[in-house]
Amino acid sequence: MAASLQLINLRPFRSHSTSLPNHHSKRLTIRCSKSYNITLLPGDGIGPEVISVAKKVLNLAGSLEGVEFKFKEMPMGGAALDLTGVPLPEETLNTAKESDAVLLGAIGGYKWDKNEKHLKPETGLLQLREGLKVFANLRPASVLPELVDASTLKKEVAEGVDLMVVRELTGGIYFGKPRGFGTNENGEEIGFNTEVYAAYEIDRIARIAFETARKRSGKLCSVDKANVLEASMFWRKRVIAIAAEYPDVELTHMYVDNAAMQLVRNPKQFDTIVTNNIFGDILSDEASMITGSIGMLPSASLGESGPGLFEPIHGSAPDIAGQDKANPLATILSAAMLLKYGLGEVKAAERIELAVLDTLSRGFRTGDIYSVGNKLVGCKEMGEEVLKSVNTKTPASV
Ligand SMILES: NC(=O)c1ccc[n+]([C@@H]2O[C@H](COP(=O)([O-])OP(=O)(O)OC[C@H]3O[C@@H](n4cnc5c(N)ncnc54)[C@H](O)[C@@H]3O)[C@@H](O)[C@H]2O)c1
Ligand SMILES: CC(C)[C@H](C(=O)O)[C@@H](O)C(=O)O
Ligand SMILES: [Mg+2]
């Protein structure tokens, strides 16, 4: 194997094996079947396209490891708004809560953007994250050797980049109150939001980040805006307090504006980054272009208990939706994260990671990561090629 996707560097901190504990899996392998309930939320735009491909890959990798899945597809986002009038129907949230893991495509699109006061597909996504209490969002960004030429950065700057953005996901300005629309003292229309963090919210995400950094290279950078914002000053104070529990991890701090610049100047200075909800959203999109495309970046959103939520970091890409142009690899790699972090099925996850690397090394590229000399394929064909690799490549550890 030419490279690791570095998804494995972090041990799952919560396992959801519904039947047999992980330490038995070696003896049981294919002969004894484990079964998991997976909620699929295809959503909008390219969401259904990438989910349909990732579902097949998940199924195949699982079956090769004696793991089977019962999938339940539920409406979410704009699709749910059109169907039921709300972006996250109660039944969808309940099904998600009762399952072992949730795989989401993407939500949103031009159609629902028109009225700023109208309930949006995005509201449903925030309600889902809040409802599942998945406060820790892990967004790995690694430059794969096969894709160095797809990076927006020079080869010597991009080569070897391996980052983990730990994004706080259920607090901050996305959820702070007061929020809304109103008028100011001059009677002018205003819109407002509130950035607010309680100590417990910072402490728990900081601990996840320190644990993550400890299992990787031992370096953690906390990104904030503590030169200006009180919520950020408090963030820094709590991160420093939690650092006392992790003397072996080297902690640094950086203002977000500098971090945005440093990420493209010299990304290899970073290993694990911990940051708040909105900065993590922005920095992870930026990091995706170091790796070649936003179509490559998966994510895992985890809480203290209950099912994890797994989704690509990209959106519904309305500009390419319905054209079979979407890169499904971010969703396929999110399925690998689901196996690893959500279910503790590390071997099946490795099969997917290896298959993605193999497909890329065989030269298959969707448009977003295409370079001359490679084979340009659509979303479905990329999926078919990954399936072939899952069938033919076995990780050394299996
Ligand atoms: N988690 C989510 O569901 C999520 C995340 C981000 C944005 N959104 C929503 O998606 C909608 C569109 O947002 P946007 O345009 O700002 O961001 P986007 O991520 O959907 O698209 C940005 C650009 O990246 C491209 N792109 C994205 N995913 C790709 C893929 N898999 N393969 C190839 N190209 C890809 C798109 O074609 C577009 O040019 C909005 O409604 C937004 O709120 C949803
Ligand atoms: C769609 C939106 C609510 C979401 C976010 O801001 O968290 C998206 O950008 C993401 O990165 O998952
Ligand atoms: Mg985003």
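Small disclaimer: the values here were computed from a predicted structure and weren't measured.

(A) Examining the overall build of the chain more closely. A tally of helices and strands in the chain yields 13 helices and 14 strands. Scaling as 2.2 N^0.38, a compact globule of 398 residues should have a C-alpha radius of gyration of about 21 Å, and the chain matches this with 20 Å. Principal-axis analysis of the C-alpha atoms gives the chain an extent of 65 × 50 × 45 Å. Residues classed as buried in the chain amount to 56% of the 398 residues present. Expressed as a percentage of contacts within the chain between residues at least 6 apart in sequence, the contacts between residues at least 24 apart total 76%. Computed over 45 positive and 49 negative side-chain charges, the separation of the two mean positions in the chain equals 6 Å.

(B) Structural view of the site of ligand 2. Inspection of the region around ligand 2 gives E122, L125, R129, R139, R167, Y174, D281 and I313 as its neighbouring residues. At 2.6 Å from an oxygen atom of ligand 2 is found a side-chain nitrogen or oxygen belonging to R129. One of the side-chain nitrogen or oxygen atoms of D281 is found 2.8 Å away from an oxygen atom of ligand 2. For ligand 2, the protein covers 80% of the area, taking 320 Å² as the surface of the free molecule. Mapping ligand 2 onto the cavity grids shows that it belongs to the largest pocket. With three residues, helix α5 (residues 121-132) is the single largest residue contributor to the shell around ligand 2.

(C) Examining helix α2 (residues 47-63) more closely. The terminal C-alpha atoms of α2 lie 24 Å apart, and with 17 residues this matches the ideal 24 Å at 1.5 Å per residue to within 8%. Contact partners of the buried residues in α2: β1 (34-43), β2 (67-73), β3 (101-106), α11 (329-342), α12 (346-361) and α13 (379-392).

(D) Representation of the nonpolar core. Counting residues in each nonpolar core, the largest one holds 92 residues, and the members touching the most others are F210, M296, F310, L329, I332, I352 and L360. Examining the composition of this core, we find that nine residues originate from one element, α11, more than from any other. If you look at the next biggest cluster of nonpolar residues, it comprises 15 residues, including L41, M76, L104 and V134.

(E) The arrangement of the pattern of salt bridges in detail. Within this structure, the stated rule accounts for 19 salt bridges. We note a salt bridge from K215 to E211, for which the minimum N-O separation is 3.6 Å. Separated by four residues within a single helix, K215 and E211 lie in helix α7 (residues 199-215), roughly one turn from each other. E211 gets classed as partly exposed once you look at its relative accessible area, which sits at 26%. Taken together, the shared-partner salt bridges in this structure form one network comprising D358, R362, E385, K388 and K393.

(F) Fine view of the site of ligand 1. Residues in close proximity to ligand 1 total 21 residues, the closest being E122, G315, A317, D319 and N327. At 3.0 Å, a side-chain N or O of E311 approaches a nitrogen atom of ligand 1. Within the backbone of S316, one N or O atom sits 3.1 Å away from an oxygen atom of ligand 1.

(G) Summary view of the sheet that holds strand β5 (residues 162-168). Here 10 strands make up an open sheet; going across it, the order is β2-β1-β3-β12-β11-β4-β5-β10-β8-β9 and the pairing mixed. Each edge of the open sheet carries a strand with a single partner, namely β2 and β9 (250-255). Here the average twist between neighbouring strands, direction ignored, is 25 degrees. Pairing of β1 with β2 involves seven bridges; the strand directions are parallel. The partner of T39 across the bridge, within β2, is K72.

Conventions and cut-offs
- Residues numbered from 1 in each chain as written.
- Chains lettered and ligands numbered in written order.
- Predicted model: local features only at pLDDT ≥ 70, side-chain atom pairs only at ≥ 80, totals over all residues.
- Heavy atoms only, no water.
- Helix = DSSP H or I, 4+ residues; strand = E, 2+ residues; numbered from the N terminus.
- Rg over C-alpha atoms; globule rule 2.2 N^0.38 Å.
- Buried < 20%, exposed > 50% of the residue type's maximum accessible area, 1.4 Å probe, protein only.
- Contact = heavy atoms within 4.5 Å.
- Lys, Arg positive; Asp, Glu negative; His and termini not counted.
- Charge placed at Lys NZ, Arg CZ, Asp CG, Glu CD.
- Near = heavy atom within 4 Å.
- Polar contact = N/O pair within 3.5 Å; in protein donor to acceptor, adjacent residues only side chain to side chain.
- Areas by Shrake-Rupley, 256 points an atom, 1.4 Å probe, with all protein chains shown as cover.
- 1 Å grid on protein atoms, 1.4 Å probe; cavity = no way out; pocket = protein on both sides within 12 Å on 5 of 7 lines; lining within 4 Å.
- Sits in = over half its atoms within 2 Å of the grid points.
- Expected span 1.5 Å × (residues − 1).
- Core = buried A, V, L, I, M, F, W, Y, C linked by side-chain atoms within 4.5 Å.
- Salt bridge = Lys/Arg side-chain N within 4 Å of Asp/Glu carboxyl O.
- Pairing = 2+ DSSP bridges.
- Axes fitted to C-alpha atoms, helices over the stretch in contact; angles between N-to-C directions.

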